[in-house]
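Observations on chain architecture
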Amino acid sequence: MMSDHCKTGVQNPGGSVQKRGASTWIAHRVSLVLFLGLSLWFLNVTISDLTSLNREALRVWFCGPKNAFLFTMLISVGLYHFWLELKEIVEDYIHCQHLKRGSLIAVRMILCGAGIVFIYTYVHLFINS
Amino acid sequence: MKNKQRPLSPHLQIYKPQLTSSLSIFHRFSALIMLGGVLALIGFFYSIAMKSELYACFSSAVAMLWGKALLSIFILFFWFFVGTSLRYLVWDTGRGFELKNVYASGFFVLIMSVVLTAFSVLALWGKLA
């Protein structure tokens, strides 16, 4: 009988990779291209605008419709893309099945938590501005 | 089974370090740093909208040398991530796989990430000072 230690994602019939390989590959590339564009936009506005603003001015800046839309896109695309990246790393390097499943659940919970904090913060900001 | 302790792919421990493998490993590492950056950005955004004490921590950190150094290292990893990601996107089209081109694009990514980091950091430090 083969020990858990020997099993890889390929031998695991419940693994996600071989079930949704092509769509994951496309989602990874599309989110990567979006993330690159949005992060370059954010680096640019950080250097040109954000560094000279105080906290009150920053609140106003983040409430602007264009900035709010692009920043929300940046965070959601970023969380989604790096969830896919991290999943790939966990699936490649953690060989124990239980630890692999546990890590994937933990990572998903942390990223979902971060997303919830982000949404809550924006709602709070919009209501109080 | 006798051979259950054999190393599982991707064989990091028996791989001779070279530019190609190092860039691959550091690309994954930079993806983890980018995820950290997205989470830090959510934290910064939260501090702007909700917690003035946390915002004071962020703004005093970037005013100090270690904060600037940390930000500069993050920007270096950012440009490295942008470069290697674009390299992977080119590879996705089936181009650039000749050994000579793989090394050339690898060196190009390294040099460009250092140059772009220098430009961004100088621009950012000029604003933060």
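Focus: the overall build of chain A
- Counting its secondary structure elements, chain A contains 4 helices and 0 strands.
- A burial count over chain A gives 13% of its 129 residues as buried.
- Intrachain contacts of chain A at a sequence separation of at least 6 include 69% that bridge at least 24 residues.

Structural notes on the overall build of chain B
- When you go through chain B residue by residue, the secondary structure sums to 4 helices and 0 strands.
- Written out in order from the N terminus, the α and β elements of chain B read α-α-α-α.
- With respect to the principal axes defined by its C-alpha atoms, chain B has extents near 60 × 40 × 25 Å.
- Counting across all 129 residues of chain B, residues that qualify as buried make up 19%.
- Considering only intrachain contacts with a sequence separation of at least 6, the fraction spanning at least 24 residues in chain B is 67%.

Observations concerning helix α3 (residues 65-93) of chain A
- The end-to-end C-alpha separation of α3(A) is 42 Å, in line with the 42 Å expected for 29 residues at 1.5 Å each.
- Of all the positions in α3(A), only Phe71(A), Ile75(A), Val77(A), Gly78(A), Leu79(A), His81(A), Phe82(A), Glu85(A) and Leu86(A) are classed as buried.
- The secondary structure elements touched by the buried residues of α3(A) are α1 (21-48), α2 (55-63) and α4 (97-127) of chain A together with α1 (19-49) of chain B.

Things to note about the interface of chain A and chain B
- The partner chain B presents 28 residues to the 31 residues of chain A that form the contact.
- Looking at which element gives the most residues to the side of chain A that touches chain B, the answer is α3(A), with 8 residues.
- Its residues assigned to classes, the side of chain A that touches chain B shows 17 nonpolar, 9 polar and 5 charged.

Description of the nonpolar core
- If you look at the biggest cluster of nonpolar residues, it comprises 22 residues, and the most contacted ones within it are Phe82(A), Met34(B), Leu35(B), Val38(B), Phe78(B) and Phe81(B).
- Breaking this core down by element, the ones donating at least two residues are α3 of chain A together with α1 and α3 (65-92) of chain B.
- With 8 residues, the single largest contributor to this core is α1(B).
- Among residues more than four places away in sequence, those in contact with Met34(B) are Phe82(A), Phe78(B) and Phe81(B).

Focus: the environment of Ala118(B)
All names here are of chain B.
- Assignment of secondary structure puts Ala-118 in helix α4 (residues 99-128).
- Looking at Ala-118, the number of C-beta atoms within 10 Å reads 14, which means it is partly exposed.
- Taking the C-alpha atoms as reference points, Ala-118 and Ile-75, 43 residues apart in sequence, are found 9.2 Å from one another.

Comments concerning the confidence of the model for chain A
- Predicted confidence across chain A gives a mean pLDDT of 88, with 85% of residues reaching 70 or more.
- The low-confidence segment residues 1-14 of chain A (pLDDT under 50) makes 19 contacts with residues lying over four places distant or belonging to another chain.

Side note on the confidence of the model for chain B
All names here are of chain B.
- In the predicted model, chain B carries a mean pLDDT of 91, and the fraction of residues at 70 or more is 91%.
- Across chain B, the element-wise mean pLDDT spans from 91 in helix α2 (residues 52-63) up to 96 in α3.
- Reported confidence for the predicted complex is 0.89 by ipTM and 0.88 by pTM.

What counts as what
- Counting restarts for each chain, with residues numbered from 1 along the sequence as it is written.
- As a convention, the first chain written is A and the first ligand written is 1, with the rest following in written order.
- The model is predicted, so local features are restricted to residues of pLDDT at least 70 and side-chain atom pairs to those at 80 or more, both for listing and for counting; the totals for chains, interfaces and linings are taken over all residues.
- Only DSSP runs of H or I with at least four residues qualify as helices, and only runs of E with at least two residues qualify as strands; both kinds are numbered from the N terminus onward.
- Buried, partly exposed and exposed are defined by the number of other C-beta atoms within 10 Å of a residue's own C-beta, namely 20 or more, between the two limits, and 12 or fewer respectively, with C-beta atoms placed from the backbone.
- Each residue is represented by a C-beta atom placed from its backbone, and any two residues with such atoms within 7 Å are regarded as in contact.
- To estimate the expected span of a helix, count its residues, drop one, and scale the result by 1.5 Å.
- When residues are grouped by polarity, Ala, Val, Leu, Ile, Met, Phe, Trp, Tyr, Cys and Pro land in nonpolar, Asp, Glu, Lys and Arg in charged, and all others, Gly among them, in polar.
- Nonpolar cores are identified as sets of buried Ala, Val, Leu, Ile, Met, Phe, Trp, Tyr and Cys residues joined via C-beta atoms within 7 Å.
- The predictor rates its confidence in each residue with pLDDT, a number between 0 and 100.

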